[in-house]
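Commentary on secondary and tertiary structure
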Amino acid sequence: MTTSSTPADKTFQAFISVDEVDRPISGEQVPHSTSHQKSSKVKGGIPGQQKVALRLKAQTSRIVSSFKTNTVSCSLQKEFARHKDGIWDVTAAKLALGIPVVGTASADHKAGVWSVDSGRCLLRYQGHTGSVNSVRFHPTRELALTASGDHTAHIWQASVAWEQMVQKGLSSEEEFESSEKEECDESGDGPEGLSTLRTPSHVLNGHTAVVICADWLAGGDQVITASWDRTASLWDTQTGERLQNFSGHDQELSYATTHPIQKLVVTTSKDCTFRMWDMRTPCHSVSVFQGHTENITSAAFTKEEKLVSGSDDRSVKVWDIRNMRASLVTIRLDSAVNRISLSNSGLIAVPHDDRHVRVFDLGGQRVARLPRSNRQV
């Protein structure tokens, strides 16, 4: 599980979670020896009352145990350090041949593609002239999408098989070069020849303010961008043409996310609302929801037809997208929520302004928190 960083942090850390089986078996009986010992302590009582008391005590024990949940143990696996400014976004994917990678977006105007296995930075993209605010990988192809403070979003090749690309003649469209003097990271293991990409495949240009987030729609043939100009835009990935502009938010947009299977988009805003845009119909219908009292910082779809939203109002909410009248779960917290992240198993990683990270399940139960010495997120 990975989490995004606050602007002050130039590194990010990967943690692994392991389930700890500590849930009592449902309907577990109180051991006979324990019952005998406790019954012997009752003095002067009527035998019938003693049996009732023991029966009620056993039932109460089973009820209390039903509220317990599995806990998750998190341990630090790797630390990735090459960016020279704060990291805004972290995402994970598998490229061709199932290679696991991590993508990072940084205020140093660069994005990175990292090897999960080795911890090395495989590719650095520096085509933007402003802070890189988000990064997403294409669902099936070796492409990456970044949003930037330079008012644009870029689509670029995220392939790390450089020799194969040159042999196929793809280097004529993309500009690759090797850094001549690339310093090593703090561990001394950094590569001396880090591959750098400067030219994107497409520049999505049309917003008049910071593009805070961008994401691929299901299928990968379209992307959505969210901007501080209070609009979201739909783009064709083959041509780079803007297909439609969406307006309606009263303040700057703060995030955009897409459903992994259906063509649904959610945009969040500082106006304390989030909007769900249905791209499955030609009219692109929209529904407006007011579930928070302050800026909604992020949202994410689950595979179970649910939506999770986080806000500066110190809460995280879980919604059923088939019935959004009220949230299913509300998680109350003691600090504002930054960009949340969801695991494939349905765990919610919640990074806070106070530099803490807590992990919850979709039922709202806290199952883990990162170790104190590693809370730099």
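For the structure itself, consult the block above.
Residues numbered from 1 in each chain as written. Predicted model: local features only at pLDDT ≥ 70, side-chain atom pairs only at ≥ 80, totals over all residues. Heavy atoms only, no water.

When helices and strands are counted, the chain shows 3 helices and 28 strands. By residue count, 50% of the 377 residues in the chain fall in the buried class. For the chain, long-range pairs separated by at least 24 residues make up 48% of all intrachain contacts whose partners lie at least 6 apart in sequence. About 18700 Å² of surface is accessible on the chain, with carbon and sulfur atoms providing 48% of the total. (Helix = DSSP H or I, 4+ residues; strand = E, 2+ residues; numbered from the N terminus. Buried < 20%, exposed > 50% of the residue type's maximum accessible area, 1.4 Å probe, protein only. Contact = heavy atoms within 4.5 Å. Areas by Shrake-Rupley, 256 points an atom, 1.4 Å probe, with all protein chains shown as cover.)

What follows concerns the environment of Leu-253. Examined against the element boundaries, Leu-253 turns out to sit in strand S17 (residues 253–258). Beyond its immediate stretch of four places on either side in the chain, Leu-253 contacts Ile-212, Ala-226, Ser-227, Trp-228, Arg-230, Thr-231, Ala-232, Thr-267, Thr-268 and Ser-269.

Further remarks concern the sheet that holds strand S26 (residues 348–351). On the basis of which strands lie adjacent, the open sheet formed by 4 strands has the order S25-S26-S27-S28 and antiparallel pairing. Two strands in the sheet have a free side with no partner beyond their single neighbour: strand S25 (341–342) and strand S28 (366–369). The pairing of S25 with S26 spans 2 bridges and is classified as antiparallel. Residue pairing across strands places Ser-341 opposite Ala-349, the latter belonging to S26. (Pairing = 2+ DSSP bridges.)

Take the environment of Arg-280 next. Relative to the elements of secondary structure, Arg-280 occurs in the loop between strand S19 (274–278) and strand S20 (286–289). Each C-alpha atom, one on Arg-280 and one on Gln-262, is 7.7 Å from the other, the two residues being 18 residues apart in sequence. A distance of 2.3 Å separates the side chain of Arg-280 from the side chain of Gln-262, its partner in a polar contact. Of note is the side chain of Arg-280, whose polar atom sits 2.8 Å from the side chain of Asp-278. (Polar contact = N/O pair within 3.5 Å; in protein donor to acceptor, adjacent residues only side chain to side chain.)

Here we take up the sheet that holds strand S22 (residues 306–311). If you walk across this open sheet you meet the 4 strands as S21-S22-S23-S24, and the pairing is antiparallel. Edge positions in the sheet fall to strand S21 (296–301) and strand S24 (329–332), since each has one partner strand and no second. Across the sheet, the axes of successive neighbouring strands diverge by a mean angle of 15°, strand direction being ignored. Two strands pair when backbone bridges link them, and S21 and S22 are joined in this way by 5 bridges, in the antiparallel orientation. Directly across from Ser-298, in S22, lies its bridge partner Gly-310. (Axes fitted to C-alpha atoms, helices over the stretch in contact; angles between N-to-C directions.)

Structurally, Ser-269 is set in strand S18 (residues 264–269). Here Ser-269 falls in the buried class, since its relative accessible area comes to 0%. From its side chain, Ser-269 meets the backbone oxygen of Glu-252 in a polar contact 3.0 Å long. Those residues in contact with Ser-269 that sit more than four places away from it in its chain are His-249, Gln-251, Glu-252, Leu-253, Ser-254, Asn-295 and Ile-296.

With that settled, consider the pairing of S21. Counting buried positions along S21 yields 6 of 6 residues, so the element is predominantly enclosed. Between S21 and S22, which follow one another and run antiparallel, lie 4 residues, and Glu-305 among them has a positive phi close to 60°.

Turning to its location among the elements, Asp-313 is positioned in the loop between S22 and strand S23 (315–320). Salt bridges are absent for the buried Asp-313, whose nearest opposite-charge side chain, Arg-332, sits at 5.7 Å. One polar contact links the side chain of Asp-313 to the main-chain amide nitrogen of Thr-293, over a distance of 3.1 Å. Aside from chain neighbours lying at most four places away, what touches Asp-313 is His-292, Thr-293 and Glu-294. (Lys, Arg positive; Asp, Glu negative; His and termini not counted. Salt bridge = Lys/Arg side-chain N within 4 Å of Asp/Glu carboxyl O.)

Of note, Glu-305 is a non-glycine position whose phi angle comes to about 60°, a positive value. With respect to the helices and strands, Glu-305 occurs in the loop between S21 and S22. The backbone of Arg-314 shows a phi angle near 65°, a positive value even though the residue is not glycine. A relative accessible area of 45% places Arg-314 in the partly exposed class.

Of all 7 residues making up strand S4 (residues 100–106), 6 are buried, and the element is well covered by its neighbours. Two elements, strand S3 (residues 87–94) and S4, share 7 bridges in a ladder whose sense is antiparallel. Bridging across to S4, Ile-87 finds its partner in Ser-106. Hairpin connection of S3 to S4: 5 residues between the antiparallel strands, including Leu-97 at a positive phi of 65°. With 5 bridges joining them, S4 and strand S5 (residues 111–115) adopt antiparallel strand pairing. Looking at the pairing, Ala-105 lines up with Ala-111 of S5.

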